[in-house]
Amino acid sequence: MKRLFSALVLFCCPLVAISDGQSKSESGLELSAIDKTAEPCTDFYQFACGGWIKNNPIPSDRSRWGRFDELQDRNNEILHKVLEQAAANPAGDNQKIGDYYGSCMDESAINAQGVKGLEPLFTKIDAMKTANDLAPIVAELHTYQVNALFGFGSEADFKDASLEMAIADQGGMGLPERDYYTRIDEKSAALRKLYVEHVGKMLALAGTPEAQATAGAEKVMAIEIALAKGALDVTSRRDPNKIYHKLTPQELQAMTPQFQWQRYFSGIGAPPIYALNVTEPDFFKALGKLLASTPIDDVKTYLRWQLIHSSAAILPTTFVNENFAFYGTALTGAPELRPRWKRCVQYTDGDLGEALGQAFVKETFGPEAKADTVKMVHEIEASLSKDIDSLSWMTDTTKREAKVKLQAVADKIGYPDKWRDYSALVIKRGDALGNSQRANEFEFHRQLNKIGKPTDKSEWGMTPPTVNAYYNPLQNNINFPAGILQPPFYNVKNDPAVNYGGVGAVVGHELTHGFDDQGRQFDSRGNLKDWWTAEDAKAFTDRAQCFVDQYSSYTAVDDVKLNGKLTLGENAADNGGVRLALMSYLAGTAVKPAMLDGFSPEQRFFLGFAQVWCESRRPEVSRMLAQVDPHSPGRNRVNGVVSNMPEFAKAFSCKADAPMVRQTPCRVW
Ligand SMILES: [Zn+2]
């Protein structure tokens, strides 16, 4: 539901993710997941995960299914219980989460409301006479986080990350990425046709006469194509220098004379803005031209579409089903909509995550788990320090700087020290759409209020039950929500080899992000500043190219290959992360039984790593993710890494010419 700026936040994992978490083995490995007919040195992923894949078909309401999804489902069961109780007795601390969830579950009340909650905004859109009337309307739509024309919010100034600054970003497109509007292959063209039909159906559901809705959808598409043509593609957006342009509001105004920025700023209630990051000036120039050449009636239709679209999940069933038919089935291949309670749990987490997350933390993440994780993080940081010392390709000057940066990395584990205060947010029973709108408004203003103020590094960009983790280059910190510090990533009862392979590799992964192709461009304070000697930067780039070539050779689906450039940061982080976790495990004092479940310590480590990534994907979602996701699919994340590691070949006694032994292994860290 939220659309926050996260262009630079480096997740460990695709935004979503086990079995019941009960170890069925001595080590904690999932023995039934192993395919004993496969040969580890030929296809390690098949060996580690083949059994799991066979025994866990993709549920009909999913486009992919992996161990992340299993865990997220388990976490959601816990949230579900909390929310059912809160909804039955919405008092005190439970009022907001209980009434939010209870309203979301009340499908008949939502159906009875229809689109009444959107009418006031429809009326304002319809009342526009010329493009001059646009700024206040876009301001109001943005307040509700409607994706109208562009994005606006707050983010740390890349070059002085101690301060928050306003940011205006490309946006306003309903398809996942700019290239969806421009690719010329048959499948892309067919998807665009379905998208236009979808837009038409949504407009019609909200009351536009059918013929007008069909014609209007074409106009919407024309506007979005024009926006896409001005926009940067997802790979280019990984380069921080390409999305940092600090301008004054006057400069932005000169770039987009057709849009009244001062009226927009006062409409959103922003604090005084003296400078802002206009991520992509070319996009805003294209936006200006678009507004100059587009009839106002077409703009009205477009805004109406974006408003309906942004609210679709919380509108009557007909809207929800049509929204799913395109975004769930056509785009990602899921045949069935998820049960309502699962969706409502997700939305409550999205809008009130730090209220709901407190109960989750109480139930799942005790002091022992936290202390254990902190210890592991410190060990892995120590391993990276040793690794930097040992690098043959880096000079002492850059090594010193790298260690300054490493020393400064802050570790955030489990949940925030201070929970977000939602007291200003009004949640009413029976008003699902209103609750969602007010939550969006609350969040938008929370973001705007940061402009001009010092960056708050204690804040979390993920809620506690989330099965994911991230590195924030602008804050130089690593963040591990309690949601991921669970089996199969981590279990206090596991053999340490399995924990190091699971959560240890994730910790190493996030830490490596501070030193990947993108993260390395930021210094110890989070500023975009080059601290590399030219010679070392070149050595890095040469080594990184090895990963680009390696992963570009993998096929995602049909004729679609992985994009080695888009996935470089994640692949570098996977490769570095596993190495650091293995170094820490071997150097540590953990008991290392010679054999458990028939595997040596190193074998258990690699299996623990691989089993986190067991998954299946439908072809539609494979195609989409290859085009937009900086993460490689599970199979490539596993085989891509182990085939670069002589430690793996040794652990499984692979022959020198085995498929899992690359002749020229890639390595940066
Ligand atoms: Zn990552």
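Residues numbered from 1 in each chain as written. Predicted model: local features only at pLDDT ≥ 70, side-chain atom pairs only at ≥ 80, totals over all residues. Heavy atoms only, no water.

J.: Before we go on, may I ask you to explain the overall build of the protein chain in this structure?
T.: Scanning the protein chain from N- to C-terminus turns up 24 helices and 12 strands. On C-alpha atoms alone, the protein chain measures out to a radius of gyration of 25 Å, which is about the 26 Å that the 2.2 N^0.38 rule sets for 669 residues. Along the longest, intermediate and shortest principal axes, the C-alpha atoms of the protein chain span 75 × 55 × 50 Å. Within the structure as shown, the protein chain displays about 25700 Å² of accessible surface, and the carbon and sulfur contribution to it stands at 53%. Computed over 74 positive and 83 negative side-chain charges, the inter-centroid distance for the protein chain is 1 Å. (Helix = DSSP H or I, 4+ residues; strand = E, 2+ residues; numbered from the N terminus. Rg over C-alpha atoms; globule rule 2.2 N^0.38 Å. Areas by Shrake-Rupley, 256 points an atom, 1.4 Å probe, with all protein chains shown as cover. Lys, Arg positive; Asp, Glu negative; His and termini not counted. Charge placed at Lys NZ, Arg CZ, Asp CG, Glu CD.)

J.: Would you mind going over the state of the cysteines with me for this structure?
T.: Cysteine pairs can be covalently joined through their sulfur atoms, and such a bond is termed a disulfide. Under the criterion given, the structure shown has 4 disulfides. With a sulfur-sulfur separation of 2.0 Å, C41 is cross-linked through a disulfide to C654. Its torsion about the S-S bond being -85 degrees, the disulfide of C41 and C654 is classed as left-handed. Taken together, the residues span a long stretch of sequence, with C41 in the loop between β1 (10-11) and α1 (44-55) and C654 in the segment after α24 (646-651) at a distance of 613 residues. A relative accessible area of 15% places C654 in the buried class. The side chain of C49 participates in a disulfide bridge whose partner is C614; the two sulfur atoms lie 2.1 Å from each other. Of note, the bridge from C49 to C614 carries an S-S torsion of about -75 degrees and is left-handed in sense. Placement of C49 in helix α1 and of C614 in the loop between α21 (601-611) and β12 (615-617) is noted, with a sequence separation of 565 residues between them. Relative accessible area serves as the criterion here: at 0%, C49 is assigned to the buried category. (Disulfide = S-S within 2.5 Å. Buried < 20%, exposed > 50% of the residue type's maximum accessible area, 1.4 Å probe, protein only.)

J.: Explain the confidence of the model for the protein chain to me, please; I cannot follow it from the model alone.
T.: Should the pLDDT be low somewhere, the predicted coordinates at that spot are not to be read in detail. Mean pLDDT over the protein chain stands at 95; residues scoring 70 or higher make up 97%. Under a pLDDT of 50 for its full length, residues 1-7 has, in the predicted model, 29 contacts with residues more than four places off or in other chains. With pLDDT under 50 throughout, residues 14-23 is counted as low confidence; its partners more than four residues away or in other chains account for 37 contacts. (pLDDT = per-residue confidence, 0-100. Contact = heavy atoms within 4.5 Å.)

J.: Would you explain the pattern of salt bridges in this entry?
T.: Pairing between side chains of opposite charge can happen when the charged atoms of each approach one another. Counted according to the given criterion, the structure contains 36 salt bridges. The salt bridge partner of R604 is D495, with a shortest N-O separation of 2.4 Å. Of the two residues, R604 sits in helix α21 while D495 sits in the loop between β9 (477-481) and α18 (496-513), which places them 109 residues apart along the sequence. Judged by relative accessible area, D495 falls into the buried class, the value being 4%. Residues joined by salt bridges that share partners form a network here, namely E354, R420, E443, R446, K450 and E459. (Salt bridge = Lys/Arg side-chain N within 4 Å of Asp/Glu carboxyl O.)

J.: Which parts of the structure should I look at to understand the packing of helix α19 (residues 534-552) against helix α20 (residues 568-587)?
T.: How two helices pack is summed up by the angle between their axes together with the distance between the axes. Orientation of α19 relative to α20, taken along the N-to-C sense of each, is 105 degrees, at an axis distance of 10 Å. As the angle between them shows, α19 and α20 are arranged roughly perpendicular. Judged by residue contacts, A544, F547, V548 and Y551 of α19 engage L568, N571, A572 and N575 from α20. Along the lines of polarity and charge, the residues of the contact of α19 with α20 split into 6 nonpolar, 2 polar and no charged. (Axes fitted to C-alpha atoms, helices over the stretch in contact; angles between N-to-C directions. Parallel < 35°, antiparallel > 145°, perpendicular 65-115°, else oblique. Nonpolar A, V, L, I, M, F, W, Y, C, P; charged D, E, K, R; others polar.)

J.: What is the right way to look at the pairing of strand β3 (residues 150-157) in this model?
T.: If a strand is regular, its side chains alternate between the two faces of the sheet. Most of β3 is tucked away, with 8 of its 8 residues classed as buried. Where β3 and strand β4 (residues 160-170) come together, 8 bridges link them in antiparallel fashion. Residue S154 lies in a different strand from β4, and its bridge partner there is A166. Remark: 2 residues form the turn of the hairpin made by β3 and β4, two consecutive strands paired antiparallel. (Pairing = 2+ DSSP bridges.)

J.: How should the side chain of T279 be read in this particular structure?
T.: Counting through the fold element by element, T279 comes out in the loop between β6 (276-278) and α11 (281-293). Of the residues examined, T279 reaches a relative accessible area of 3% and is grouped as buried. Among the polar contacts listed, one links the side chain of T279 to the side chain of D169, at a separation of 2.7 Å. Setting aside anything within four residues of it in sequence, one finds T279 in contact with I167, A168, D169, Q170, K242, I243, Y244 and H245. (Polar contact = N/O pair within 3.5 Å; in protein donor to acceptor, adjacent residues only side chain to side chain.)

J.: So what exactly am I meant to see when it comes to unusual backbone geometry here?
T.: Most peptide bonds take the trans configuration, and most residues that are not glycine carry a negative phi. A cis geometry characterises the amide bond from P487 onward to P488, with omega recorded as 10 degrees. Residue placement: P488 occurs in the loop between β9 and α18. Despite not being glycine, Q145 shows a phi value in the positive range, around 60 degrees. Assignment of secondary structure puts Q145 in the loop between α6 (134-143) and β3. On the basis of relative accessible area, Q145 is assigned to the buried category, the value being 10%. Phi at S653 is positive, roughly 50 degrees, even though this residue is not glycine. Locating S653 in the fold gives a position in the segment after α24. Look at S653 and you get exposed, because its relative accessible area is 64%.

J.: I keep staring at helix α10 (residues 261-268) and nothing clicks. Help me out?
T.: For the α-helix, the turn length of 3.6 residues means that residues three or four positions removed from each other point alike. Here α10 has its buried residues at W261, Y264, F265 and I268. With its buried residues spanning 100 degrees around the axis, α10 presents them on a single face. The exposed residues of α10 that point more than 90 degrees off its buried face are Q262 and S266. Where the residues of α10 are buried, they touch α6, β3, α9 (249-255), β6, α11 and α17 (432-448). (Arc of directions from axis to C-beta.)

J.: Sorry, what's going on with helix α22 (residues 619-628) here?
T.: Where burial is concerned, most of α22 is hidden: 8 out of the 10 residues are buried. Of the positions making up α22, those classed as buried are V621, S622, R623, M624, L625, A626, Q627 and V628. Looking at the buried positions of α22, the neighbouring elements they touch are β2 (64-66), α7 (186-205), β10 (555-557), β11 (560-561) and β12.

J.: Before we go on, may I ask you to explain the environment of C344 in this structure?
T.: Take C344: it is sitting in helix α14 (residues 340-364). Residues in contact with C344, not counting those within four places in the same chain, are Y101, C104 and M105.

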